[in-house]
Amino acid sequence: MGLDLRMVPLCCIMVLATMSLSTYAQTCSNYAFANNAVFSSCNNLPVLNSFLHYTYNPSSQTLSIAYRHTNFDSSKWVAWGINPTSQGMAGSQALVAFQQSDGSMRVYTSPVTGYNTQLAEGDLSFPVSDLSATYSNNEIIIFATLGLQNATGANMNQVWQEGQLSGNAPMPHATSGDNIRSMATLNVLSGQSGTAGGASGTSSKTKKRNIHGVLNAISWGIMMPLGAIIARYLRVFQSADPAWFYLHVTCQISAYIIGVAGWSTGIRLGSQSPGIQFTSHRVIGIILFCVATLQVIALLARPKKEHKHRIFWNIYHHSLGYTIIILGIINIFKGFDILNPEKKWERAYTGIIVVLAIVAAILEAYTWFVVLKRKKAANAEKMTNGNGYGNNGHYPYTGMTHGRV
């Protein structure tokens, strides 16, 4: 029997589907533990290559767990825990594991009392038994049985984390990207996990972060440089005077108002996330706000062109303006590192900045061309009107000598 070529695409699809299902099964429910442990439920945790296998026994109110962390290397530590009091890290009752420098595994319990924790060993608020850990094939697993007799319900807040080691001591984990998203709810009866705080709570915070990023990118990162370009290059066109000034002021004041809104949103987010600090981003943001406020205040004290102090005001105004632009662009890229959005957004902003830089370079060259051309014309006019050969076409000093040379 000949092969029906029309069946080839269908066969390929079936093979790919089977492979995909097999891969998914291997990562979760059908995963085979080396010690032949079996668990009734399994959840793919959303970040940090993590999985939680567990079995809840309602009669004894115990929870047997196996926390798996894949794509792992021996220079890191991992932790998984339950937070009985809140949704974040502070208050978590954690299980910590890592491979020591001599190759042996270290696994212990650690109550996390604050955000500056060193993951010190200590007893948890509930009993823990059968605690062990294994590491092989770039995968670390923590096994334990938790006594949840004092649990308030089936829904629990779970957290998990990874960080670097210094010798045999855990170092603080990163405070950006997936490391601040590693929290979720766990329902031990239904076998389901969800986003910590519910979808609406997390959606609200994510929305605020996005608003903060968009407002700052538009204000400090786009409108401020655009306003500077208007002021520096439109003024060279005599027909644009004084329109360039009003365009410049409108652009910069609008940027300041939008930027303050974005800055306020960032301050609010910081107060709602105790312990999660992006120090350099925060410090630059505060400096940026202060410098921009001084710039706006300086506008009210702008002397007239003829005033003897105008040159000092110009130096002050230009220095603060370029400082705002540089700090704004730097902080926006720091914000991209923190928010970790899709790469297309960072590429889009980078493209806008590159276009503005190219436009500025072209206008800079044209401005110098116009200025030098006008200077040359002015010098020629001076020569014609008496500062060179000319005094109505006569040699200089002719009138003073009565025509005698």
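Up top is the structure these notes are about.
The model shown is predicted, which means the values in this text are computed figures rather than measured ones.

**Observations concerning the pattern of salt bridges**
Here is step 1 of the chain: All told, the structure shown has 5 salt bridges when counted by the stated rule.
Here is step 2 of the chain: Among the salt bridges present, the one from Arg106 reaches Glu121, with a minimum N-O distance of 3.1 Å. Taken together, the residues Arg106 in strand β6 (residues 105-111) and Glu121 in the loop between β6 and β7 (128-136) connect sequence positions 15 residues apart.
Here is step 3 of the chain: Glu121 sits in the exposed class, given a relative accessible area of 55%.
Here is step 4 of the chain: Here Arg232 makes a salt bridge to Glu364, at a shortest N to O gap of 2.9 Å. Taken as a pair, Arg232 in helix α2 (residues 198-233) and Glu364 in helix α6 (residues 343-387) lie far apart in primary sequence, 132 residues in all.
Here is step 5 of the chain: Accessibility expressed as a relative area gives 39% for Arg232, which makes it partly exposed.

**Things to note about the packing of helix α3 (residues 243-271) against helix α4 (residues 279-300)**
Here is step 1 of the chain: Following both chains from N to C, one finds α3 and α4 inclined at 150 degrees, their axes separated by 10 Å at the closest point. Between α3 and α4 lies a crossing of left-handed hand. Contact residues: Val249, Ile253, Tyr256, Val260, Trp263, Ile267 and Gly270 in α3; Arg282, Gly285, Ile286, Phe289, Ala292, Thr293, Val296 and Leu299 in α4.
Here is step 2 of the chain: Classifying every residue of the contact of α3 with α4 by side-chain character gives 11 nonpolar, 3 polar and 1 charged.

**Re helix α5 (residues 310-339)**
Here is step 1 of the chain: A rise of 1.5 Å per residue sets the reference length of α5, with its 30 residues, at 44 Å; its end C-alpha atoms lie 43 Å apart and thus fit the reference within 8%.
Here is step 2 of the chain: Backbone geometry just after α5 places Asn340 at a positive phi near 50 degrees.

Reading the values: the criteria
Residues numbered from 1 in each chain as written. Predicted model: local features only at pLDDT ≥ 70, side-chain atom pairs only at ≥ 80, totals over all residues. Heavy atoms only, no water. Salt bridge = Lys/Arg side-chain N within 4 Å of Asp/Glu carboxyl O. Helix = DSSP H or I, 4+ residues; strand = E, 2+ residues; numbered from the N terminus. Buried < 20%, exposed > 50% of the residue type's maximum accessible area, 1.4 Å probe, protein only. Axes fitted to C-alpha atoms, helices over the stretch in contact; angles between N-to-C directions. Left-handed = near helix turned anticlockwise from the far one by under 90°. Contact = heavy atoms within 4.5 Å. Nonpolar A, V, L, I, M, F, W, Y, C, P; charged D, E, K, R; others polar. Expected span 1.5 Å × (residues − 1).

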